[in-house]
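# Examination of the molecular architecture
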Amino acid sequence: MLEALASFALYFATAIVLLFVFQAVYMAVTPHRETELIKGGNVAAATAYVGALIGFVLPLASALANSVSLVDFAIWGVVAGVVQVLTWVVVRTFFYKNISESIVAGTLAPALKLAGVSVAVGILNAASMTY
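To keep things clear, this report deals only with the structure shown in the data block. (Residues numbered from 1 in each chain as written. Predicted model: local features only at pLDDT ≥ 70, side-chain atom pairs only at ≥ 80, totals over all residues. Heavy atoms only, no water.)

Before going further, it helps to spend a moment on the environment of glutamine 84. Along the chain, glutamine 84 falls in helix H4 (residues 70-95). Overall, glutamine 84 belongs to the buried group, its relative accessible area being 1%. Sequence separation between glutamine 84 and glycine 51 is 33 residues; the distance between their C-alpha atoms is 9.9 Å. Beyond its immediate sequence surroundings of up to four residues, glutamine 84 is in contact with Phe22, Ala52, Gly55, Phe56, Ser118 and Gly122. Only 3.0 Å separates the side chain of glutamine 84 from the backbone oxygen of glycine 55, close enough to count as a polar contact. (Helix = DSSP H or I, 4+ residues; strand = E, 2+ residues; numbered from the N terminus. Buried < 20%, exposed > 50% of the residue type's maximum accessible area, 1.4 Å probe, protein only. Contact = heavy atoms within 4.5 Å. Polar contact = N/O pair within 3.5 Å; in protein donor to acceptor, adjacent residues only side chain to side chain.)

In structure tokens, the structure reads:
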């Protein structure tokens, strides 16, 4: 029982660390400042940000459930983060070049599109991690 609890704690702590690292990297990549915008009540920023978080956590959970070791889990967790950051880059580059400005302005439609794409990519990413 204690061994299982220790294993749970180790994997859960690793997942939390990966989540914090992802958030830091994601906020560094986006030109707008999600934390400040969300504190200011910007629903568009919160929507896009939550979509990215869900899009990251879905494959992270899949990797956690399917990993064969802690190192395996961590590697796939990093892959999940990279895919989610690339999703932001692709949406901004090919679909909506001014998405950051729209989010700062509080325009919800582009933020919803980004959140939807982020979650959709996260679901596909998670399904791809069921090895």
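The next thing to look at is H4. Here H4 spans 37 Å end to end across 26 residues, near enough to the 38 Å set by a 1.5 Å rise per residue. Within H4, burial applies to Asp72, Phe73, Gly77, Ala80, Gly81, Gln84, Val85, Thr87, Trp88 and Val91. Where H4 is buried, its residues contact helix H1 (2-29), helix H3 (43-66), helix H5 (99-104) and helix H6 (108-128). (Expected span 1.5 Å × (residues − 1).)

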